[in-house]
Amino acid sequence: MSKTAEAEGALETRGIEPVPDAERTAKTRELFPTWVAANISVLLLTMGASLVVTYKLNFWQAIVVAIAAPIVSYGLVGLIGIAGKRGGAPGMALSRAVFGQRGNLLPGSLIWVARWGWETINAVTGAYAVLTVLDILFGIKQNNFLVILTLLLFVCVTFAISGLGINVVQMCNKYATYLFGIFSVLVLVYLIINTDWSEVFGQPAGKTSLMVAGIGMIAAGGVSWIPSSPDFTRYLPRTASTKGIIGNSIGGAGIVVLPMVLMGSVMAVSTPDLASAQDPVSFLGEILPMWIAVPYLLIALVGMLLINAMSMYSAGFTAQTLGFKVPRHWAVSINAVISLIFGAILMLVATSFMSSFISFLSLLAVAFSAWVGVFGADMFKRKHYDAAALIDTTRASAYWYKGGFSPAACVAWAVGLVVGLLFTSSTWFSGPLAANNFLGEYGLGWVVTIVVSGLLYLALPKPADTTTAPDESEAAEAMAS
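About the thresholds
Throughout, residues of each chain are indexed from 1 in the direction in which the sequence is written. In keeping with the predicted nature of the model, local features appear solely for residues at pLDDT of at least 70, side-chain atom pairs appear and are counted solely at 80 or more, and the whole-chain, interface and lining totals rest on all residues. To get the side-chain values, take all heavy atoms of the structure and skip hydrogens and water. Numbered from the N terminus, helices here are DSSP runs of H or I no shorter than four residues, and strands are runs of E no shorter than two. Given a helix with a known number of residues, its expected span is that number minus one, times 1.5 Å. By definition, residues are in contact when any of their heavy atoms lie within 4.5 Å. Here a polar contact is recorded for every N or O atom pair within 3.5 Å, except that within protein the pair must consist of a potential hydrogen donor and a potential acceptor, and residues adjacent in sequence are included only if both atoms are side-chain atoms. Any two rings among Phe, Tyr and Trp, with Trp reduced to its six-membered ring, count as a pair given centres within 6.5 Å; such a pair is stacked if its planes are under 30 degrees apart, edge-to-face if over 60, and tilted if neither. Relative accessibility under 20% of the residue-type maximum defines a buried residue, over 50% an exposed one, and the middle range a partly exposed one, all with a 1.4 Å probe and only protein chains included. Two cysteine sulfurs form what is called a disulfide whenever their separation falls within 2.5 Å. Buried Ala, Val, Leu, Ile, Met, Phe, Trp, Tyr and Cys residues that are joined via side-chain atoms within 4.5 Å together make up what is termed a nonpolar core.

## Comments concerning helix α8 (residues 144-164)
Compared with the 30 Å implied by 1.5 Å per residue over 21 residues, the 30 Å span of α8 between its first and last C-alpha is a close match. For α8, the secondary structure elements touched by its buried residues are α7 (105-138), α9 (166-194), α14 (290-321) and α15 (328-348). At the N-terminal end of α8, a side-chain oxygen is found 3.1 Å from the backbone nitrogen of phenylalanine 145, two or three residues along, and the residue is asparagine 143. Glycine 165 occupies a position one or two residues after α8 and carries a positive phi of about 120°.

## As for the packing of aromatic side chains
As enumerated under the stated definition, the model contains 15 aromatic pairs in all. With a centroid separation of 5.2 Å and an interplanar angle of 35°, the aromatic rings of tryptophan 116 and phenylalanine 342 are classed as tilted. Separated by 226 residues along the polypeptide, tryptophan 116 in helix α7 and phenylalanine 342 in helix α15 bring together distant segments of the chain. Judged by its relative accessible area of 13%, tryptophan 116 is buried. A ring pair is formed by tyrosine 175 and tyrosine 178, whose centres lie 6.2 Å apart and whose planes are at 75°; its orientation type is edge-to-face. Remark: tyrosine 178 and tyrosine 175 occur in helix α9; sequence separation between them is three residues, near one turn of the helix. There is no split in this pair, since tyrosine 175 and tyrosine 178 are both exposed.

## Examining the state of the cysteines
Following the criterion strictly, the structure yields zero disulfides and no others. With no disulfide partner, cysteine 156 has as its closest neighbouring cysteine sulfur the one in cysteine 172, 15 Å distant.

## Describing the nonpolar core
One broad rule of soluble globular proteins: the nonpolar side chains tend to lie buried together. Counting 140 residues, the largest nonpolar core has Trp35, Leu51, Ile218, Trp371, Phe375 and Tyr385 as the members making the most contacts within it. Top element by residues in this core is α14. It accounts for 16 residues. Dropping the residues within four chain positions of it, isoleucine 218 is found in contact with Leu44, Met47, Leu51, Val65, Ala69, Val257 and Val261.

## A few points about the environment of leucine 186
Along the polypeptide, leucine 186 turns up in helix α9. In the structure, leucine 186 is positioned 43 residues away from serine 229 in sequence and 31 Å away in space, judged by C-alpha atoms. When residues no more than four places from it in sequence are discounted, the contact partners of leucine 186 are Trp291, Ile292 and Pro295.

See the structure below:
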């Protein structure tokens, strides 16, 4: 927790400007509940079911997948989070040092659109969770008024949490971690008592190649958080443990991913339809007894609230880097309004459009991977970020480069994006390399995107770095005071 936030109260007023060293007093252990909350998602249950139903893996193989996936994806989250402690600024602000002040608008705009798109989907799913609970407990059936009311409440609570800032987000994440632990015990007791374990352990082993595909499928969800990682590490001091950042990122995600994926894989043995459920919230509300269904739906609702709050929190910074000259909390409100409008359209007018909308957003998500490849490769050599140059958007900025663009970064990002789309398949678009090869068929195009964009960036000539490293002695003195 930063001294700035402590002094100002609950509302965080700092935007994309780098946090001064004297105010960077956070602890790496605070990242643990952050990434716990970011993974409390019902989709992990359906993914776990898919490992058994679609990929034909057995219980032991599902364990390997559930352990390896967060190590891969949140290992990358932790690595990119190191940039936050180096520069003390949000990820998309630090990205200006890599792409240039104008060049950063290219990945920033696509990442921003993908964020508000998924925030809309989460808001709709959260509203349906509330409607399902009302139906189960009180027999209240869905109508247009309730649809708008529940959606409005979900978006307003999300905006309140994300708008207030890092302290409130972290506090909610901490209590959500406790709540998730209680929920996991309840489900575990239910599964132990009601599962035919001989059938679970009697499942034959699947192909090793499908285990790799399963790891890629689950890890892909964590990739979308990588650009946001510095947003939650920028209050860490420069001396913060790198191992602590990576370890808490993996540990926080892993403690959720492992049990949720295993729960889904165990439940799929007796209820295989879970793997293909279009609305897993309502589906599980129907197949589980009330004493476990209601707590499940409530924890699912809390999880979606916090995932959306964290996403909106980061999206506010992205909006500021795109040129919205408003305070951070008002920048967050832009995404809240968009989520409310599009959520109402999806729930009331175009529910059949949902699958196509998700496919569109999945294609945009390739932009995350292309950014990760370039930004991550840049971190190999870059040890510091110039605070003044980051917020200076004029030609005088050290990060102006050539016309505001870093040619190497922009070219590598664009090429990686195009290559990734070649390997990507969705309901209404499939790249020419999305079939007849392992990478395309099993959704590993995001891996190709990261590798291609990263290697190309390292190979291309880059603009000279004319900035100077911060004075470490001054930073240490500021921290001590």
